[in-house]
Amino acid sequence: MLLKRLLLALVLLAPALGARANHLFIPMDETQKEHLKAYGLCYWALSKQIEVDWLLNYRGGSFACEAQPAVESELSVRGITFQTISEAQYTGILQQIADPNANMDVMKLEKVPKIAVYTPKGKQPWDDAVTLVLTYAEIPYDQIYDDEVLAGVLPKYDWLHLHHEDFTGEYGKFYANYRYASWYQQQQRDSEAAAKRNGFKKVSEMKGAVAVKMQEFIAGGGFMFAMCSATDSYDIALAGLGVDMVADMYDGDPADPAAQSKLNFNRTLAFQNFRLRMNPMEYEYSDIDMQPSERGLYEQNDYFQLFTFSAKYDPVPTMLTQDHEKTIHGFMGQTTAFRKSLIKPDVVIMGETKQDGEVRYMHGTLGKGTWTFFGGHDPEDYQHMVGEEPTDLSLHPNSPGYRLILNNVLFPAAKKKKQKT
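As annotated in an unreviewed UniProt entry, the chain carries the name Asparagine synthetase B and comes from Hymenobacter polaris.

Okay, here's the thing in structure tokens:
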């Protein structure tokens, strides 16, 4: 009789014990087959109100959550490497991470970040490394551009991305090589129409106002991530608010010859004391971007090193540098690498090629929010050319460079911790 009662009790307790016992562990070291899709799975889980633990510096920045059939199914469908582990095994991992001598920590991911990508309508996902990887990882986003930003939509979002954009109003400085191309002429017509529609005489003035709106978004608690020419051209636009920095083919009148002396570096996020490159035939905005002739780096030897931060004391840069590799292959863009001597002293440098005095990846704060700048165009296409075929990310599911982008996407989902310093 007693044996029957014990058996009955075990039967009744089994579902509860099973629900507590197992966790799904998603390794992010070299054993993972689909690093990029793992980020999309975490986003999907958060959208289903399933909390995710981000295990900082543990096996490449792994993820874990409570075992649920729906999550297991989704992991399998997406081809993501995972393990089902017991409560005791997971407790052991957490104890290892909690060791004061271990440079590891657990970051709780709780919120689904609402994502906006600043890009013209009709632009294809492969024109932008971030939209490319968001699409591959199955992370949803909204496309917005000048009209929407000026209309005040940014506070609806947690995360804003800018990529191959020109905030100076010079249309990417493609004039020398592409002024007769139909796409260039259409871009100019569309931009001029948008400026007029929003009450601006010049595209450069409109872009400056857009940059200010974005700065207000950051200060109010937003997260902004920029790549390629959206980085330096953004700060140039802020420094040159109210100054005519562009030649007549862009706005109908000559640039102010004293434009350089009128720049206000107090307005910028990252850069100071830079010199403008005002020649309209030169494919460059300023001396922020390191030039190929001075870099001495080519596809075979172009690498940058990620910094290792204290997970327990510096959780933000630690999250942003989670990767299964610490030496990352470089890649070019209109803006490839930032001249270190022109970076403000309060900026957190996260990736650099030290011997060449150039920074590739950096981060900073403004008010209640943060921003991240990442040099280069496409982490898996060393020198992306206009009109070139898009990168097929199914051939690069473990890309260390693309992982850095996705770290920034998940960053706003983290539960804020009190600083220990």
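That covers the picture; the talk isn't over yet.
Participant: Looking at this model, I keep getting lost on the packing of aromatic side chains. Mind explaining?
Facilitator: Given two aromatic rings, one states the distance between the centres and the angle between the planes to describe the pair. Applying the stated criterion across every chain, the model contains 24 aromatic pairs. Where Trp159 meets Phe225, the ring centres are 5.9 Å apart and the plane angle is 20 degrees; that geometry is what we call stacked. Linking Trp159 in strand β8 (residues 159-162) with Phe225 in strand β9 (residues 223-227), this pair joins segments that are 66 residues apart in sequence. Residues Tyr361 and Phe374 carry aromatic rings whose centres are separated by 5.0 Å and whose planes lie at 55 degrees to one another, so their mutual orientation is tilted. Taken as a pair, Tyr361 in strand β14 (residues 358-366) and Phe374 in strand β15 (residues 369-374) lie far apart in primary sequence, 13 residues in all. Taken individually, Tyr361 and Phe374 each receive the classification buried, so the pair is uniform in this respect. Put simply, the rings of Tyr171, Phe174, Tyr175, Tyr178, Trp183, Tyr184, Tyr250 and Tyr283 pair up and form one aromatic cluster. In this arrangement the basic side chain of Lys37 is found over the ring face of Tyr136, its NZ or CZ atom lying 4.2 Å from the centre.

Participant: Honestly, the environment of Gln300 in this entry has me stumped. Any pointers?
Facilitator: The topology assignment puts Gln300 in the loop between α12 (292-295) and β10 (303-306). Residue class for Gln300 comes out exposed when judged on its relative accessible area of 67%. Gln300 sits 29 residues away from His329 along the chain, and the two C-alpha atoms are 8.9 Å apart.

Calculation notes
Residues numbered from 1 in each chain as written. Predicted model: local features only at pLDDT ≥ 70, side-chain atom pairs only at ≥ 80, totals over all residues. Heavy atoms only, no water. Phe/Tyr/Trp six-rings, centres within 6.5 Å; stacked < 30°, edge-to-face > 60°. Helix = DSSP H or I, 4+ residues; strand = E, 2+ residues; numbered from the N terminus. Buried < 20%, exposed > 50% of the residue type's maximum accessible area, 1.4 Å probe, protein only. Lys NZ or Arg CZ within 6 Å of the ring centre and 35° of its normal.

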